[in-house]
Amino acid sequence: MRITLNNLPKVDTVDFVGGVFPKRQISIVASEPGCGKTWAMLQFCADISNQWKVGKFFGCSFWEKQRKSLMLIGDTGKEMIVDRINKMMLNYISPPEYIMYFISDFVVEKQPFLLNTQEGCNAIQNLIHFEKPDVVFIDTLISFMLGDENSAKEVGEIFLNLRSMAEEENCAIVVNHHFRKTQNGTRRGKGSATLNDVIGSSAMARLASVMLAMTRNRDDDMRNLVDVQTVKTWYKEVPHFQFEIAEDPETRQVKLRADYIMGNVPKLMASLQQLALDTQEGQLMKSYNVAEIFKLPEPSIRKAMHNSPYWVNLDGARDGYTFYPVHSPVSKDTESSSQSAKGQPRVG
C-alpha cells in the first residue's frame, strides 16, 4: 500500500484497556518466578471487570468503562488460583466479565493449546473469538509453547501470530514471562530491570508495544514489595509504582496495596497548596477529580492530599476520597479536631 502525507489512511485511536495495555497489540509483563505477576493480573482483571473498582492498579482512570478479561493459565495450578481468588475475595465482587481457562483442562481433553503450532493457534483464537474479551492474559509463555524460546524464528512466529489474533479479535494480548537468573544469583534492584533481562529471543521485546517489569525489593520498614516499571513502550509510560501482597494473619484475607512513586513530590505538594488556596474554603473535592486536573494516578494524588496541610479528609481515614481545602495549613495530627471545629463542609 503506497501512502503519502496527503493521502493518509484512516486509523482508529488506540484503545488502552485499564489505561495500560493497547488493544490490537501485544504487551509483556516480565519478572522473576514467584514475584507476584499472577497476583497482580488477578487484581487487575477484577478491577477492570468492576467499573467502580478501576483505579486500584497501574494508575488507570476511575472513569474507565467496564471491560471483559480472559486469563489463559498454564503455570499455576487450578487449586492455587482458586485459593488466591478466595483469599482476595474476588469471587464476591467479580461479574461474568472475568473469565479463566486452565491449560490443564485442555491437555486432559487432548485439545491442542500450543502457540507454535497452527492447530494450537487456531484453537486459542477460536476461544478468544467465542469469549470476545477486551484483554487476554497468557500466563506464562513457556506453558503455551514447545520449542526453543531462544530461537528468533520460533518466538518471532509466535508473536506475529499473537499480534494477528489481537488485530483480528480487537483485543489486547498480554504475555506473562520470566527474567533470566542474575549472574551472581542475587535479586535485581528496584527499577534495575532492562529488556536484556527477559529470557529468550529479543524478538519478544521487538514485537511488543508495551513491556512492564516487576522486581522484588524491601523498603525501609522491611516490607517485601514488588516494584513495577515500564521498560519499553510506544506510548505514555505506566506510572511507576510498588505493591505489597499483604495477608491478614487471622482471616488470611489478602490485599494488594499499591503505592505510586512520584517523580517530583515538592512540585506536586506546591500545586496542591495552590489549588487549595484557589478553591472556596470548605468546598468538597474528590481525589479522583483532582487527579484528572493534574493528569496523575488517583492513588498518588490521594496520598499527597492526605499529607498536605492544606487539605483535610472528610472521613478522617487514610482510604477516604473526599477532602476539603483550608486556607490556613493544619497539622495532620490535629486533622480530626480541626474538622470538628470547622463543622460540616459545604457541598456544591
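For the structure itself, consult the block above.
Throughout what follows, the structure given in this document is the object of discussion. (Residues numbered from 1 in each chain as written. Predicted model: local features only at pLDDT ≥ 70, side-chain atom pairs only at ≥ 80, totals over all residues. Heavy atoms only, no water.)

1. Side note on the overall build of the protein chain
The helix and strand inventory of the protein chain stands at ten helices and 14 strands. Considering only contacts within the protein chain whose residues lie at least 6 apart along the sequence, 63% involve residues at least 24 apart. Counting every atom, the protein chain has about 17,800 Å² of accessible surface; 50% of that belongs to carbon and sulfur. (Helix = DSSP H or I, 4+ residues; strand = E, 2+ residues; numbered from the N terminus. Contact = heavy atoms within 4.5 Å. Areas by Shrake-Rupley, 256 points an atom, 1.4 Å probe, with all protein chains shown as cover.)

2. Let's talk about the sheet that holds strand β14 (residues 322-325)
Pairing within the open sheet is antiparallel, and its three strands lie in the order β12-β14-β13. Strands with a single pairing partner mark the edges of an open sheet, and in this sheet they are β12 (285-286) and β13 (311-313). Two strands pair when backbone bridges link them, and β13 and β14 are joined in this way by three bridges, in the antiparallel orientation. Among the inter-strand pairings, Val312 is bridged to a residue of β14, identified as Tyr324. (Pairing = 2+ DSSP bridges.)

3. Concerning the environment of Pro112
Looking at the element boundaries, Pro112 is found in the loop between α3 (103-108) and α4 (118-131). For the pair Pro112 and Asn122, spaced ten residues apart in the sequence, the C-alpha separation amounts to 9.1 Å. Those residues in contact with Pro112 that lie beyond four places of it in its chain are Glu119, Gly120 and Ala123.

4. Regarding the packing of aromatic side chains
Evaluation of the coordinates by the stated rule reveals six aromatic pairs. For the ring pair Phe21 and Phe44, a centre distance of 5.5 Å and an interplane angle of 85° mean the geometry is edge-to-face. Of this pair, Phe21 sits in strand β2 (residues 21-22) while Phe44 sits in helix α1 (residues 37-49), and the two are 23 residues apart along the sequence. Owing to a relative accessible area of 0%, Phe21 belongs among the buried residues under this scheme. Ring geometry for Phe241 and Phe243: centres 6.4 Å apart, planes at 35°, overall tilted. Site record: aromatic cluster; members linked through ring pairs are Phe21, Phe44 and Phe137. (Phe/Tyr/Trp six-rings, centres within 6.5 Å; stacked < 30°, edge-to-face > 60°. Buried < 20%, exposed > 50% of the residue type's maximum accessible area, 1.4 Å probe, protein only.)

5. Looking at the pairing of strand β7 (residues 172-178)
Most of β7 sits out of view: seven of its seven residues are buried. For the crossover from strand β6 (residues 135-139) across helix α5 (residues 152-169) to β7, the handedness is right-handed. (Right-handed = clockwise from strand over helix to strand, strands pointing away.)

6. Describing unusual backbone geometry
Along the chain, Asp139 connects to Thr140 via a cis peptide bond; the corresponding omega equals -5°. Within the secondary structure layout, Thr140 lies in the loop between β6 and α5. At Arg24, a residue that is not glycine, the phi angle is positive and equals roughly 70°. Assignment of secondary structure puts Arg24 in the loop between β2 and β3 (26-31).

7. Concerning the pattern of salt bridges
Here the structure, examined in full by the defined rule, presents ten salt bridges. Among the salt bridges present, the one from Glu32 reaches Arg216, with a minimum N-O distance of 3.3 Å. Of the two residues, Glu32 is situated in the loop between β3 and α1 and Arg216 in strand β8 (residues 210-218); the sequence distance between them amounts to 184 residues. For the salt bridge of Asp83 with Lys87, the shortest nitrogen-to-oxygen distance reads 3.5 Å. (Salt bridge = Lys/Arg side-chain N within 4 Å of Asp/Glu carboxyl O.)

Purely spatial values, then, with no claim about function.
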